[in-house]
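Observations on the model geometry
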Amino acid sequence: MALQVTFLGTASGLPTPGRFGQTVVVGVKKADHDSPMYFVFDAGDGASSLLMRHGIDHLAIEAIFISHMHADHHGGLAQVVKTSMHLQRSRPLCILAPGEGIAPLKAYLAASYLIDPFLKYEINWIPIDEHVGRPIPLAGDAHLTAVANTHLNGYRRRLEQLSKQGSYRFESYSCALDIDSKRLVYTGNLRGASGHDELVSFVEPCDLLITELAHTDPAELGRFLAGRDIAHTAIAHFNRKWDQLSDQELLDLIHQGAGKTGISGHITLTRDGTVITL
Ligand SMILES: [Zn+2]
């Protein structure tokens, strides 16, 4: 079995001239002669166009995981659904999303005429909040286990200070995707410079950690990675301030953070179009 992870977009909340919004695709081939199936982590702005550009078949997407409801994580979802309709998808598509986001996403798709009888395939909505900590079975004997993180706590506090919390639940999730003997951990956003500490309870062991440098800090990431059983760390979701540093400068900061313990795993600073094969 071969796993191929394609980073279609690697920006954080603000796209840059060199980075589209975040979309990461895990391609799985059970055998050489099989065609791949795909799992998508977040569907940022431009996701459908980028899938096309990279030759990734919309019809082979099994599931899409939306980590939280900031628009940079789902801004491309409606067009992925629409393109799949144009390509005459008939199989159901699984969308895992924060429970608080499902009704609004459904309403947005409906407002975009992406409804029966036009759509002609079912969307199997899975509210992540109802499955936290328990493996969710997906196609191809894959399992996804979601874990809540506190990325949105600052937003909760700001609205509370204004007595305006409204109906928000401020759900945000990281997850692990287990497929065959491989384990991938994905996080859209974490909270604050040392946000990686939120992954402590479930990150080890893993074959690939896909993480962010949006709100977190390179030296703090290094401290977190030091001595851990993580074979490969792929950094995406870059805050644009880190693009002012060279790859070597960023790696130096990460390794300085790791101190004497050091990092045994590989580190990839992704760009749009980076492909990692496991
Ligand atoms: Zn966010």
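The structure reproduced in this document is the subject of the present report. For clarity, every value in this text was computed on a predicted model and none was experimentally measured. (Residues numbered from 1 in each chain as written. Predicted model: local features only at pLDDT ≥ 70, side-chain atom pairs only at ≥ 80, totals over all residues. Heavy atoms only, no water.)

Quick look at the overall build of the protein now. A count of helices and strands for the protein gives 6 helices and 14 strands. A compact globule built from 278 residues would reach a C-alpha radius of gyration of about 19 Å, and the protein, at 18 Å, matches this within 12%. Scored against the burial criterion, the 278 residues of the protein give a buried share of 51%. Residue pairs at least 24 apart in sequence account for 68% of intrachain contacts in the protein once pairs closer than 6 positions are excluded. As displayed, the protein offers around 12,400 Å² of accessible surface, 51% of which is attributable to carbon and sulfur atoms. Of the side chains in the protein, 24 bear a positive and 30 a negative charge, and the two mean positions are spaced by 4 Å. (Helix = DSSP H or I, 4+ residues; strand = E, 2+ residues; numbered from the N terminus. Rg over C-alpha atoms; globule rule 2.2 N^0.38 Å. Buried < 20%, exposed > 50% of the residue type's maximum accessible area, 1.4 Å probe, protein only. Contact = heavy atoms within 4.5 Å. Areas by Shrake-Rupley, 256 points an atom, 1.4 Å probe, with all protein chains shown as cover. Lys, Arg positive; Asp, Glu negative; His and termini not counted. Charge placed at Lys NZ, Arg CZ, Asp CG, Glu CD.)

Axes are the key here: two packed helices are described by the angle between their axes and the distance separating the axes. Contact geometry of helix H5 (residues 218–225) with helix H6 (residues 247–258) gives a least axis separation of 6 Å together with a crossing angle of 45°. Between H5 and H6, the angle falls in the class oblique. Considering only the axes of H5 and H6, their crossing is right-handed. From H5, Pro218, Ala219, Leu221, Gly222 and Arg223 reach across to H6, where they touch Leu250, Leu253, Ile254, Gly257 and Ala258. Considered class by class, the residues forming the contact of H5 with H6 number 7 nonpolar, 2 polar and 1 charged. (Axes fitted to C-alpha atoms, helices over the stretch in contact; angles between N-to-C directions. Parallel < 35°, antiparallel > 145°, perpendicular 65-115°, else oblique. Left-handed = near helix turned anticlockwise from the far one by under 90°. Nonpolar A, V, L, I, M, F, W, Y, C, P; charged D, E, K, R; others polar.)

What follows covers the coordination of the zinc ion. Distances from the zinc ion to its protein donors, His68 (NE2), His70 (ND1), His151 (NE2) and Asn189 (OD1), fall at 2.1 to 2.6 Å. Taken together, the 4 donor atoms coordinating the zinc ion span angles of 88 to 168° at the metal, a pattern that classifies the geometry as irregular. Binding-site remark: the zinc ion is held by donors from one chain whose sequence spacing is H-x1-H-x80-H-x37-N. Histidine 68 gets classed as buried once you look at its relative accessible area, which sits at 0%. (Donors = N, O, S within 2.8 Å, 3.2 Å for Na, K, Ca; no water. Tetrahedral: all angles 85-135°; square planar, octahedral: opposite > 155°, others 65-115°.)

Working note: α-helix, 3.6 residues per turn, so residues spaced by three or four point in the same direction. Most of helix H2 (residues 77–86) is tucked away: 7 of the 10 residues are buried. Buried residues of H2: Leu77, Ala78, Val80, Val81, Thr83, Ser84 and Met85, and no others. Structurally, H2 contributes buried residues whose contacts are with strand E3 (37–43), helix H1 (47–53), strand E4 (61–65), strand E5 (93–97), helix H3 (99–111) and strand E6 (123–127). Just beyond H2, the residue with positive phi is glutamine 88, at close to 65°.

So, about the sheet that holds E3. The strand order across the open sheet built from 7 strands is E6-E5-E4-E3-E2-E1-E14, with neighbouring strands paired in mixed fashion. Each edge of the sheet is formed by a strand with only one pairing partner; in this case those strands are E6 and strand E14 (275–277). Neighbour to neighbour, the strand axes of the sheet diverge by 15° on average, direction disregarded. (Pairing = 2+ DSSP bridges.)

To continue, consider a nonpolar patch on the surface. On the surface, a nonpolar cluster with roughly 330 Å² of combined accessible area is contributed by Tyr113, Ile115 and Phe118. For phenylalanine 118, the location among the structural elements is in the loop between H3 and E6. (Patch = residues over 30% accessible without salt bridge, like charges linked within 9 Å, V, L, I, M, F, W, Y side chains within 5 Å. Salt bridge = Lys/Arg side-chain N within 4 Å of Asp/Glu carboxyl O.)

Once that is clear, we can look at the pattern of salt bridges. Inspection of every chain in the model, using the stated rule, returns 9 salt bridges. The closest approach of N and O atoms between arginine 169 and aspartate 129, which form a salt bridge, is 3.2 Å. Of the two residues, arginine 169 is situated in the loop between helix H4 (153–161) and strand E9 (173–179) and aspartate 129 in the loop between E6 and strand E7 (136–137); the sequence distance between them amounts to 40 residues. Among the salt bridges present, the one from arginine 271 reaches aspartate 247, with a minimum N-O distance of 3.1 Å. In this pair, arginine 271 is assigned in the loop between strand E13 (266–269) and E14 and aspartate 247 in helix H6, connecting sequence segments 24 residues apart. A residue is classified by how much of its surface remains accessible, and arginine 271, at 43% relative accessible area, is partly exposed. One connected set of salt bridges, linked through shared partners, spans Asp129, Arg169 and Glu171.

Now for the environment of methionine 52. Counting through the fold element by element, methionine 52 comes out in helix H1. Expressed as a C-alpha distance, the spacing of methionine 52 and proline 92, which sit 40 residues apart in the sequence, is 20 Å. Residue contacts for methionine 52: discarding those within four places in its chain leaves His58, Thr83 and Leu87.

What follows concerns H3. In this model H3 runs 19 Å from its N-terminal to its C-terminal C-alpha over 13 residues, within 8% of the 18 Å that 1.5 Å per residue would give. The complete set of buried residues in H3 reads Glu100, Gly101, Ile102, Leu105 and Leu109. On its buried side, H3 packs onto H2, E5 and E6. One or two steps after H3, the chain reaches tyrosine 113, where phi turns positive at roughly 65°. (Expected span 1.5 Å × (residues − 1).)

Turning our attention to the pairing of E9. Regular strands place their side chains on alternate faces of the sheet. In terms of residue burial, E9 counts as a mostly covered element, since 6 of its 7 residues are buried. The pairing of strand E8 (residues 143–148) with E9 spans 6 bridges and is classified as antiparallel. Across the sheet, the residue bridging to alanine 146 is cysteine 175, located in E9. Where E9 lies against strand E10 (residues 182–187), 6 bridges are found, and the strand directions are antiparallel. Of the residues in E10, the one forming a bridge with alanine 176 is valine 185. In this structure, the hairpin formed by E9 and E10 is closed by a connection of 2 residues, where aspartate 180 is found at a positive phi of approximately 50°.

None of this, on its own, says anything about what the molecule does.
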